[in-house]
Amino acid sequence: TTRSAPPMAGLPGGARSRAAIAAKTLRTDRWWFAPLITVVGLGAWITYATVRVFMHDFYWVEEYHYLTPFYSPCVTESCIPEAAHFGRILPGWWIIPDAALTLPFLLLFRLTCYYYRKAYYRSFWLSPPACAVPDGHKTYSGETRFPLVGQNLHRYAFYAAMIISLINTWDAILAFHSPEGFGFGLGNLILLGNVVMLWAYTLSCHSCRHIAGGRLKHFSKHPVRYRFWTVVSKLNVRHMQLAWITLGTLALTDFYVMALSADWFNDLRFIN
Ligand code: FES
């Protein structure tokens, strides 16, 4: 029989300590670049989104019925009535985002997403910043305690994100509008592109993949779920890219709607 060393106190799962190497890390490549670019990218996006959400303006283009996803659905009393497709049911106080019914769920969905977890654990918390680079913290309790045990809510946030994707799709359909009736412009392409990417990101979710094909013993007995699982699995390998692409399409869509609404330039129209 082989004898194993006793588990090290403080390390989860009774893991053994690392080899006694004096250097902080033996990596000589630019391992810090990915965490750095993640901090810059996520930081810039969060700043932009926060400013826009509390601006309470430039979210609706009356002529073409373009509504930015940051204000969808617009549900406070300060919403422009035509932009409030689901009614104005909340008070119009500055502190309440106009899309207060959906933004908390979207935030929860993204915060608990498996990819974003990896991204901010590494870049913001340095836990650890990269493979084979020591943790920035002395202790490690994983996701077993409050508040990180809340990451398990991701599977429920996924259902909310599905509903929100449906609402965004509805917004994109309503936007085929012009003062003469039907209309089609560059704004429609941007709104549609955003919705397609949001669906791709949402369906590529790891929870979605589990819902599609998890806990099955025999794929052969569940051909429809197997098909769905196959499609989701193909999207799933691109989940990180889709996470970043959707941040880009969301910001672009919002910026375009803001620019039209503020009369910085006109929409490029193909029909009407
Ligand atoms: Fe990223 Fe579900 S794992 S959205």
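Residues numbered from 1 in each chain as written. Predicted model: local features only at pLDDT ≥ 70, side-chain atom pairs only at ≥ 80, totals over all residues. Heavy atoms only, no water.

A. Fine view of the overall build of the chain. For the chain, the helix and strand inventory stands at eight helices and four strands. In terms of overall dimensions, the chain has a C-alpha envelope of 85 × 50 × 35 Å along the principal axes. Among the 272 residues that make up the chain, the fraction classed as buried is 38%. Considering only residue pairs separated by 6 or more positions, the chain has 64% of its internal contacts joining residues 24 or more positions apart. (Helix = DSSP H or I, 4+ residues; strand = E, 2+ residues; numbered from the N terminus. Buried < 20%, exposed > 50% of the residue type's maximum accessible area, 1.4 Å probe, protein only. Contact = heavy atoms within 4.5 Å.)

B. Just helix 7 (residues 223–236), in detail. The end-to-end C-alpha distance of helix 7 is 19 Å, a good match for the 20 Å that 14 residues give at a rise of 1.5 Å each. Along helix 7, the residues that are buried comprise Val232, Ser233 and Asn236. When helix 7 is viewed along its axis, its buried side chains cluster within an angular range of 105° and face the same direction. Looking at helix 7, the residues exposed on the side facing more than 90 degrees away from the buried face are Pro223, Val224, Arg227 and Lys234. (Expected span 1.5 Å × (residues − 1). Arc of directions from axis to C-beta.)

C. Region of interest: a nonpolar patch on the surface. On the surface, a nonpolar cluster with roughly 470 Å² of combined accessible area is contributed by Trp32, Phe33, Leu36, Ile37 and Val40. Tracing the backbone through its elements, the reader meets Trp32 in the segment before helix 1 (33–53). (Patch = residues over 30% accessible without salt bridge, like charges linked within 9 Å, V, L, I, M, F, W, Y side chains within 5 Å. Areas by Shrake-Rupley, 256 points an atom, 1.4 Å probe, with all protein chains shown as cover. Salt bridge = Lys/Arg side-chain N within 4 Å of Asp/Glu carboxyl O.)

D. Structural context of the nonpolar core. Ranked by size, the top nonpolar core spans 20 residues in total, and within it Phe109, Tyr115, Tyr116 and Tyr201 carry the most contacts. Among the elements of the structure, helix 3 (114–123), helix 4 (154–174), helix 5 (186–203) and helix 8 (239–261) are those that each provide at least two residues to this core. In terms of residues, this core owes the most to one element, helix 3, which gives five residues. Contact partners of Tyr115, with chain neighbours within four places excluded, come to His239, Met240, Ala243 and Trp244. Counting residues in hydrophobic clusters, the runner-up holds 15 residues, among them Trp60, Cys74, Ala83 and Leu250. (Core = buried A, V, L, I, M, F, W, Y, C linked by side-chain atoms within 4.5 Å.)

E. Fine view of a negative patch on the surface. Taken together, the side chains of Glu62, Glu63, Glu82, Glu180 and Asp263 present a region of like negative charge at the surface. Following the sequence through the fold, Glu180 ends up in the loop between helix 4 and strand 3 (184–185). (Lys, Arg positive; Asp, Glu negative; His and termini not counted. Charge placed at Lys NZ, Arg CZ, Asp CG, Glu CD.)

F. Region of the structure containing the state of the cysteines. Tallied over the entire structure, the rule returns one disulfide. The disulfide bridge from Cys74 ends at Cys79, spanning 2.2 Å between sulfur atoms. Since a negative S-S torsion denotes a left-handed disulfide, the Cys74-Cys79 link at about -90° is left-handed. Judged on exposure class, the residue Cys74 and its partner Cys79 are both buried. The thiol sulfur of Cys131 is not disulfide-bonded, and the nearest other cysteine sulfur, from Cys113, lies at 18 Å. (Disulfide = S-S within 2.5 Å.)

G. Up close: the packing of helix 6 (residues 206–213) against helix 7. One way to put it is that helix 6 packs onto helix 7 with a least axis distance of 8 Å and a crossing angle of 160°. With respect to their mutual orientation, helix 6 and helix 7 come out roughly antiparallel. Between helix 6 and helix 7 lies a crossing of left-handed hand. Where helix 6 approaches helix 7, its residues His206, Cys208, Arg209, His210, Ile211, Ala212 and Gly213 are matched on the opposing element by Arg225, Phe228, Trp229, Val232, Ser233 and Asn236. Residue composition of the contact of helix 6 with helix 7, by class: six nonpolar, five polar and two charged. (Axes fitted to C-alpha atoms, helices over the stretch in contact; angles between N-to-C directions. Parallel < 35°, antiparallel > 145°, perpendicular 65-115°, else oblique. Left-handed = near helix turned anticlockwise from the far one by under 90°. Nonpolar A, V, L, I, M, F, W, Y, C, P; charged D, E, K, R; others polar.)

H. Local environment of the confidence of the model for the chain. Residues at a pLDDT of 70 or more form 93% of the chain, whose mean pLDDT is 93. Between residues 1–7, whose pLDDT stays under 50, and residues either more than four places distant or in other chains, the model counts two contacts. What the predictor reports for the complex is a pTM of 0.90 with an ipTM of 0.99. (pLDDT = per-residue confidence, 0-100.)

I. Representation of the side chain of Arg52 in the model. Mapped onto the secondary structure, Arg52 falls in helix 1. With relative accessibility at 1%, the residue Arg52 sits in the buried group. In this structure the side chain of Arg52 is engaged in a polar contact, spanning 2.6 Å, whose partner is the side chain of Asp254. Non-local contacts of Arg52, meaning those with residues more than four positions away in its chain, are made with Asp57, Phe58, Tyr59, Thr68, Phe70, Tyr71, Asp254 and Met258. (Polar contact = N/O pair within 3.5 Å; in protein donor to acceptor, adjacent residues only side chain to side chain.)

J. Spotlight on the packing of aromatic side chains. Taken as a whole and judged by the stated rule, the model has 21 aromatic pairs. Relative to Phe70, the ring of Trp45 has its centre 5.8 Å away and its plane inclined at 80°; by these criteria the two rings are edge-to-face. Here Trp45 is found in helix 1, whereas its partner Phe70 is found in the loop between strand 2 (66–67) and helix 2 (103–111), with 25 residues between them in sequence. Relative accessible area serves as the criterion here: at 7%, Phe70 is assigned to the buried category. For the pair Phe255 and Trp264, a centre-to-centre distance of 5.9 Å together with 55° between the ring planes defines the contact as tilted. Phe255 sits in the partly exposed class, given a relative accessible area of 39%. By relative accessible area, which is 51% here, Trp264 ends up exposed. Through a chain of ring-to-ring contacts, three or more aromatic side chains come together here, namely Phe109, Tyr115, Tyr116 and Tyr201. If you follow Arg30 out to its NZ or CZ, it ends over the ring of Phe33, 4.9 Å from the centre. Over the aromatic face of Tyr201 sits the side chain of Arg110, whose NZ or CZ is 4.2 Å from the ring centroid. (Phe/Tyr/Trp six-rings, centres within 6.5 Å; stacked < 30°, edge-to-face > 60°. Lys NZ or Arg CZ within 6 Å of the ring centre and 35° of its normal.)

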